[in-house]
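As a plain string of letters, each chain reads:
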Amino acid sequence: EEMADAAARAAQGVLLVAVEDGRVVGTVTLYLGPGSMQWRPGDAMFRLLAVDPAARGRGIGHALFQAWLDRARAAGKRRMALHTTEWMGTSRAMYERAGFKREPEGDLHLPGVTIIAYAADLSPRRAPA
C-alpha cells in the first residue's frame with residue numbers, strides 16, 4: 001500500500017520517476033526535510049527505489065540513484081541516509097560501491113525483520129591534484 005501511494009510520498013518528499021515510451025518504469029522518493037525518517041537532523045533520505053522487472057538491467061536504477069544524489073547535493077545536504085534489508089543484495093552492492101557505509105544506530109528492528117541503515121557523506125568531490 002505504501003509503495004502504491006505515490007501521492008502521499010510526493011506530498012512529503014520529491015518523487016522522481018523514470019519514464020520510457022510513456023510508461024513509468026522506475027521511481028524513488030527523496031526526502032529533504034524534517035519528518036523524512038532520517039536518524040540525524042539535516043540528513044537527506046530516500047525510500048522505495050524500484051524499477052519495473054521488465055526494465056531492469058538497462059541502468060534505470062542507477063540513473064534514479066544518481067538523480068537523487070545530485071538533488072540532495074543541490075539542496076545543500078551533507079549526508080544521505082537510507083534503509084534497506086539483507087535480502088536486497090543488488091541494491092546494497094550499488095550503495096556500497098557509491099560509498100555508503102553501514103550505520104547500525106539507524107537500524108529499525110521490526111517483528112520478523114531488521115531494516116538496516118546506511119549513510120554517505122555528500123560533500124562535493126574534489127578533483128585529483
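The sections below set out a description of the structure shown in this document.

**Quick notes on the pairing of strand β3 (residues 44-51)**
Here comes step 1: Buried residues dominate β3, accounting for six of its eight residues.
Here comes step 2: Where strand β2 (residues 23-31) lies against β3, five bridges are found, and the strand directions are antiparallel. Within β3, the position partnered with G26 by the bridge is V51.

**Observations regarding the side chain of T84**
Here comes step 1: One can find T84 in strand β4 (residues 79-84).
Here comes step 2: A relative accessible area of 3% means that T84 is categorised as buried.
Here comes step 3: Apart from the residues lying within four places of it in its own chain, the contact partners of T84 are R92, Y95, T114, I115, I116 and Y118.

**Regarding the environment of L16**
Here comes step 1: By the element assignment, L16 lies in strand β1 (residues 14-20).
Here comes step 2: Under the relative-accessibility criterion, L16 is labelled buried at 9%.
Here comes step 3: Counting along the chain gives twelve residues from L16 to V28, while the straight-line C-alpha distance between them is 5.4 Å.

**Let's talk about the nonpolar core**
A general feature of soluble globular proteins is that nonpolar side chains tend to end up buried together.
Here comes step 1: Of all hydrophobic cores here, the largest spans 25 residues; its most connected members are F46, W68, M80, Y95 and F100.
Here comes step 2: If you list the elements that add at least two residues to this core, you get β1, β2, β3, α2 (60-74), β4, α3 (89-97) and β7 (113-121).
Here comes step 3: In terms of residues, this core owes the most to one element, α2, which gives six residues.
Here comes step 4: Filtering out sequence-adjacent residues up to four positions away, F46 remains in contact with V28, T29, L30, W68, M80, A81, L82 and Y95.

**Examining α2**
Here comes step 1: Between its first and last C-alpha atoms α2 spans 21 Å; for 15 residues at 1.5 Å apiece the expected length is 21 Å, and the two agree.
Here comes step 2: Those residues of α2 that are buried lie in contact with β1, β2, β3, β4 and α3.

**Some words on a nonpolar patch on the surface**
Here comes step 1: The grouping of V17, V19 and V24 at the surface amounts to a nonpolar patch, some 260 Å² of accessible area in total.
Here comes step 2: For V17, the location among the structural elements is in strand β1.

Conventions we followed
Residues numbered from 1 in each chain as written. Predicted model: local features only at pLDDT ≥ 70, side-chain atom pairs only at ≥ 80, totals over all residues. Heavy atoms only, no water. Buried < 20%, exposed > 50% of the residue type's maximum accessible area, 1.4 Å probe, protein only. Helix = DSSP H or I, 4+ residues; strand = E, 2+ residues; numbered from the N terminus. Pairing = 2+ DSSP bridges. Contact = heavy atoms within 4.5 Å. Core = buried A, V, L, I, M, F, W, Y, C linked by side-chain atoms within 4.5 Å. Expected span 1.5 Å × (residues − 1). Patch = residues over 30% accessible without salt bridge, like charges linked within 9 Å, V, L, I, M, F, W, Y side chains within 5 Å. Areas by Shrake-Rupley, 256 points an atom, 1.4 Å probe, with all protein chains shown as cover. Salt bridge = Lys/Arg side-chain N within 4 Å of Asp/Glu carboxyl O.

Scope: geometric values only; no functional claims are made or implied.
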